[in-house]
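Working through the structure, step by step
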Amino acid sequence: PELLTLFGEAADLRPPDSFAVERPAARHHTVVIPASPELRAYVASLAERADRLRQVDAHEDNMLKICGDGRKAALDLELVGVTSTSVNKIDAVVSNVARIYHANRDLVLPGDGRDGVRGGFQIIFCDLGTPDPTGGGTGVYGKIRDGLVAAGVPVGRIRFIHDAGTDSQKATLFTDCRAVKVAVLLGSTDKLG
């Protein structure tokens, strides 16, 4: 309560309906990807690891590592060193984002002042498989970019928030996004949220 009171002294809070901004209706699209045989086998191995936890040193394996490996495997089995050719979440994201890109690439909003610039803008949030800051690979982000390029999205219109390291680079990136020079922006919740 004390923190909220202190915050109220410095902030002016208003409900969203007090602003004259028309918001688009939220549209949720749920895509269910069936688990591949490789994923099912990996999840079974996670259960076996959990059963053996009392027999192993906590530095070697623990429930946090097991849960983390489960999250990684659910996104992309290659994040845990398993190869699979089955359709996965990355394939579904690429398919959906490319579909939306192609459906809106000629979109011009009336009165937006963009002087003939066309298209839409999409943000993809992904907290696992983010680009390696040392330049050693791009993980899931690279797979999404490569899939989108293969689906016909120009590579120059796909950007990663991780490439904008300074505030001025982020400001330039966001200006490009508003000007529809960027069609797809990928970022983690930490950097883009």
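A few points on the structure.

Attention now goes to the overall build of the protein chain. Helices and strands together make up the secondary structure of the protein chain, namely seven helices and three strands. Helices and strands appear in the protein chain in the N-to-C order α-α-α-α-β-α-β-α-β-α. Whereas a compact globule of 193 residues would reach a radius of gyration of roughly 16 Å, the protein chain reaches 21 Å, over 25% beyond that. In terms of principal-axis extent, the alpha carbons of the protein chain reach across some 65 × 55 × 35 Å. Looking at the protein chain as a whole, 26% of its 193 residues qualify as buried. Residue pairs at least 24 apart in sequence account for 59% of intrachain contacts in the protein chain once pairs closer than 6 positions are excluded. Carbon and sulfur atoms provide 56% of the accessible area of the protein chain, an area that totals close to 13200 Å². Charge centroids of the protein chain, computed over 23 positive and 25 negative side chains, lie 5 Å from each other.

One finds Ile 124, Val 140, Ile 144, Leu 148, Ile 158, Val 184 and Leu 186 to be the most contacted residues of the largest nonpolar core, which totals 19 residues. Elements with a minimum of two residues in this core: helix H4 (89-104), helix H5 (139-150), strand E2 (158-160) and strand E3 (184-187). For this core, the leading source of residues is H4, giving five residues. Excluding residues that lie within four positions of it along the chain, Val 140 makes contacts with Leu 75, Asp 76, Leu 79, Ile 90, Cys 126, Leu 128 and Gly 129.

Turning next to a nonpolar patch on the surface. Taken together, Leu 4, Phe 7 and Leu 13 make up a surface patch of nonpolar side chains, about 350 Å² in accessible area. Mapped onto the elements of the fold, Phe 7 is located in helix H1 (residues 2-10). You can call Phe 7 partly exposed: its relative accessible area is 44%.

Attention shifts here to the sheet that holds E2. In space, the three strands of this open sheet follow the order E1-E3-E2, with parallel pairing throughout. With one partner strand each, in any of the chains shown, strand E1 (122-125) and E2 form the two edges of the open sheet. Shown here is a sheet whose adjacent strand axes are inclined to one another by a mean of 20 degrees, direction ignored. In this sheet, E3 lies alongside E1 in parallel orientation, the contact comprising four bridges. Counted as the bridge partner of Ile 123 is Leu 185 from E3. Strands in contact with H4 are E1 and E3; relative to E1, the strand with the most contacts, it is inclined by about 170 degrees.

Reading guide: rules and limits
Every chain's residues receive numbers from 1 upward, in the order its sequence appears when written. Thresholds applied to this predicted model are a pLDDT of at least 70 for local features of residues and 80 or more for the giving and counting of side-chain atom pairs; totals over whole chains, interfaces and linings are not thresholded and use all residues. The side-chain numbers reported here are obtained from all heavy atoms of the structure, hydrogens and water having been left aside. A helix here means a DSSP run of H or I that spans at least four residues, while a strand means a run of E at least two residues long, and both kinds are numbered starting from the N terminus. Each radius of gyration is computed over the set of C-alpha atoms, and the globule rule expresses the reference value as 2.2 Å times the number of residues to the power 0.38. Think of it in three bands: residues with accessible area under 20% of the maximum for their type are buried, residues over 50% are exposed, and the middle band is partly exposed, with areas taken using a 1.4 Å probe on protein chains only. In this analysis, two residues are considered to be in contact whenever any of their non-hydrogen atoms come within 4.5 Å of each other. The accessible surface values rely on the Shrake-Rupley method and a 1.4 Å probe; as for residues, cover is taken only from the protein chains in view. Only four residue types enter the charge count: Lys and Arg as positive, Asp and Glu as negative, with His and the chain ends excluded. For the purpose of locating charges, the reference atoms are NZ of Lys, CZ of Arg, CG of Asp and CD of Glu. For the purposes of this section, nonpolar cores are sets of buried Ala, Val, Leu, Ile, Met, Phe, Trp, Tyr and Cys residues that join through side-chain atoms within 4.5 Å. Patch building starts from residues that exceed 30% relative accessible area and form no salt bridge, then joins like charges within 9 Å and nonpolar side chains (Val, Leu, Ile, Met, Phe, Trp, Tyr) within 5 Å. Salt bridge, as applied in this entry: a Lys or Arg side-chain nitrogen positioned within 4 Å of an Asp or Glu carboxyl oxygen. By the convention used here, strands pair only if DSSP detects at least 2 bridges between them. Axis definition: a line fit to C-alpha positions, over the contact stretch in the case of helices; interaxial angles, taken between N-to-C directions, run 0 to 180 degrees.

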